[in-house]
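# Commentary on secondary and tertiary structure
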Amino acid sequence: NRGALFYTAYALFMRWDFLRKFNMDEEIAINFISQIEAGYHPNPYHNSMHGGDVMQILHYILSPGGLKETAQLTDEDLLAAIIAGMIHDYDHPGLNNNFHVKVQSYLATLYN
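My aim in this report is to walk through the structure given alongside it, one point at a time. (Residues numbered from 1 in each chain as written. Predicted model: local features only at pLDDT ≥ 70, side-chain atom pairs only at ≥ 80, totals over all residues. Heavy atoms only, no water.)

## Comments concerning helix α4 (residues 48-62)
- Across its 15 residues, α4 extends 21 Å between first and last C-alpha, which sits within 8% of the 21 Å expected from 1.5 Å per residue.
- Looking at α4, one finds that the buried residues are S48, H50, G51, G52, V54, M55, H59 and L62.
- On its buried face, α4 sits against α1 (4-15), α3 (26-38), α5 (67-70) and α6 (75-87).
- Two or three places before M49, at the start of α4, stands the capping residue N47, its side-chain oxygen 3.1 Å from that residue's backbone nitrogen. (Helix = DSSP H or I, 4+ residues; strand = E, 2+ residues; numbered from the N terminus. Expected span 1.5 Å × (residues − 1). Buried < 20%, exposed > 50% of the residue type's maximum accessible area, 1.4 Å probe, protein only. Contact = heavy atoms within 4.5 Å. Polar contact = N/O pair within 3.5 Å; in protein donor to acceptor, adjacent residues only side chain to side chain.)

What follows is the structure, encoded as structure tokens:
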């Protein structure tokens, strides 16, 4: 199942010409993006559509917004930013830190 994250990521990879610039195999890139999207849970907010939204706003900030030129970002920086947007809520359970602390979950124990 391909959704907003997949199509946004693929479009941005094409728009920024990452496959050519980094000599990426298209099938491997497609599999990578698909696996990232599959790692998002179907919760109300931190889902794959949100990941797609974050990538889209990053693209806007980088290009029309002018950050690429202002900060003199390299192609590596741009790829890192787009991937960071793509994965920033990967495997997010949809619950906040306060919830995990109150129920004494494993994640709270691990990260607090």
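## Some details on a nonpolar patch on the surface
- Together, I57, Y60, I61 and L67 make up an exposed nonpolar region whose accessible area comes to about 350 Å².
- Looking at which element gives the most residues to the nonpolar patch, the answer is α4, with three residues.
- Note on placement: Y60 falls in helix α4.
- Given the relative accessible area of 46%, Y60 is considered partly exposed. (Patch = residues over 30% accessible without salt bridge, like charges linked within 9 Å, V, L, I, M, F, W, Y side chains within 5 Å. Areas by Shrake-Rupley, 256 points an atom, 1.4 Å probe, with all protein chains shown as cover. Salt bridge = Lys/Arg side-chain N within 4 Å of Asp/Glu carboxyl O.)

## Re the packing of aromatic side chains
- Applying the stated criterion across every chain yields a total of five aromatic pairs.
- Taking the centre distance of 5.2 Å and the plane angle of 90 degrees together, the rings of F6 and Y7 count as edge-to-face.
- Owing to a relative accessible area of 3%, F6 belongs among the buried residues under this scheme.
- Relative accessible area serves as the criterion here: at 52%, Y7 is assigned to the exposed category.
- Of the aromatic side chains, those joined through ring pairs into one cluster are F13, W16, F18 and F22.
- The ring of W16 is capped by R15, whose NZ or CZ atom sits 5.0 Å from the centre of that ring. (Phe/Tyr/Trp six-rings, centres within 6.5 Å; stacked < 30°, edge-to-face > 60°. Lys NZ or Arg CZ within 6 Å of the ring centre and 35° of its normal.)

## A short note on the environment of V103
- You can see V103 is positioned in the loop between α7 (97-102) and α8 (106-111).
- With relative accessibility at 46%, the residue V103 sits in the partly exposed group.
- In this structure, the C-alpha to C-alpha distance between V103 and Q35, residues 68 residues apart in sequence, is 30 Å.

## Looking at the pattern of salt bridges
- Counted according to the given criterion, the structure contains two salt bridges.
- Notably, a salt bridge pairs R20 with D17, separated by 2.5 Å at the nearest N-O pair.
- With relative accessibility at 58%, the residue R20 sits in the exposed group.

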